[in-house]
Amino acid sequence: MSPFNLKATSSFQTLEITVLSCEDLCINGRSVKKNTCVVVRTDPLNFRETTTDTEGGSYPSWDQKLALDMSIRETCITLEVHCRTLSVDRIIGSARMPVNDFMGGYFPQGYLSFLSYRLKDPKGLDNGIINVSVRLRVPEYLSRGK
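Summarised in this report is the structure supplied together with it. (Residues numbered from 1 in each chain as written. Predicted model: local features only at pLDDT ≥ 70, side-chain atom pairs only at ≥ 80, totals over all residues. Heavy atoms only, no water.)

## Considerations on the overall build of the chain
Secondary structure summary: the chain contains one helix and 10 strands in total. Expressed as a percentage of the 146 residues in the chain, the buried residues total 42%. Sequence-distant contacts in the chain: of pairs separated by 6 or more residues, those separated by 24 or more amount to 61%. Split by element, the accessible area of the chain, about 8800 Å² in all, is 52% carbon and sulfur. (Helix = DSSP H or I, 4+ residues; strand = E, 2+ residues; numbered from the N terminus. Buried < 20%, exposed > 50% of the residue type's maximum accessible area, 1.4 Å probe, protein only. Contact = heavy atoms within 4.5 Å. Areas by Shrake-Rupley, 256 points an atom, 1.4 Å probe, with all protein chains shown as cover.)

## Looking at the packing of aromatic side chains
Under the definition given, this model contains zero aromatic pairs. Cation over ring: Arg41 sits above Phe47, and NZ or CZ is 4.9 Å from the ring centre. (Phe/Tyr/Trp six-rings, centres within 6.5 Å; stacked < 30°, edge-to-face > 60°. Lys NZ or Arg CZ within 6 Å of the ring centre and 35° of its normal.)

## Some remarks on the pairing of strand S1 (residues 12–23)
Along any regular strand the residues' side chains alternate between the sheet's two faces. In this sheet, strand S6 (residues 61–71) lies alongside S1 in antiparallel orientation, the contact comprising nine bridges. Paired with Ser21 across the strands is Ser61, a residue of S6. By the bridge criterion, eight bridges tie S1 to strand S10 (residues 126–136) in an arrangement that is antiparallel. Paired with Thr18 across the two strands is Ser133, which belongs to S10. (Pairing = 2+ DSSP bridges.)

## Focus on the pairing of strand S5 (residues 46–49)
The pairing of strand S4 (residues 36–43) with S5 spans four bridges and is antiparallel. Counted as the bridge partner of Arg41 is Phe47 from S5. Here S4 hands over to S5 after two residues, the two strands then running antiparallel side by side.

## Focus on the pattern of salt bridges
Under the counting rule described, the total for this entry stands at eight salt bridges. Between Arg41 and Glu80 there is a salt bridge whose closest N-O contact spans 3.3 Å. Taken as a pair, Arg41 in strand S4 and Glu80 in strand S7 (residues 76–84) lie far apart in primary sequence, 39 residues in all. A residue is classified by how much of its surface remains accessible, and Glu80, at 11% relative accessible area, is buried. Where Asp126 meets Arg118, a salt bridge forms, and the shortest distance between an N and an O atom there is 3.9 Å. When its relative accessible area of 48% is taken as the criterion, Asp126 is described as partly exposed. (Salt bridge = Lys/Arg side-chain N within 4 Å of Asp/Glu carboxyl O.)

Next up, the structure:
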């Protein structure tokens with residue numbers, strides 16, 4: 001997380017993203033065996049990471065909720081799927097999630113969206129799907145009864 005106190009300014013919101021699962025992950029055309037995790041980034045200094053799935057292979061699941069502070073000017077969230085061994089941590093797929101997919105327009109404050117995105121490997125080729133749910137946390141002063 002960034003060393004700055006992001007909550008001190010009103011230009012930031014709290015994003016709750018639940019990383020649910022991935023489907024059909026490969027490394028160089030071969031199915032992933034184990035040790036995958038997901039890194040969610042709102043910017044280079046502000047990110048959260050899931051625990052490592054050691055059993056799911058090419059179909060890992062986490063169902064893990066992560067909370068991040070997000071600038072109201074942010075346009076995309078980056079989702080990176082990593083595969084880890086003792087010596088290597090490599091990105092096997094990534095996707096960019098447009099902020100417009102879950103906020104603004106017709107979405108009420110605090111609406112829960114379930115979204116799936118195609119992952120691309122570092123060469124730009126399709127490499128599976130990531131499933132997430134996203135909600136902008138309603139500020140406490142707005143959620144209190146009147």
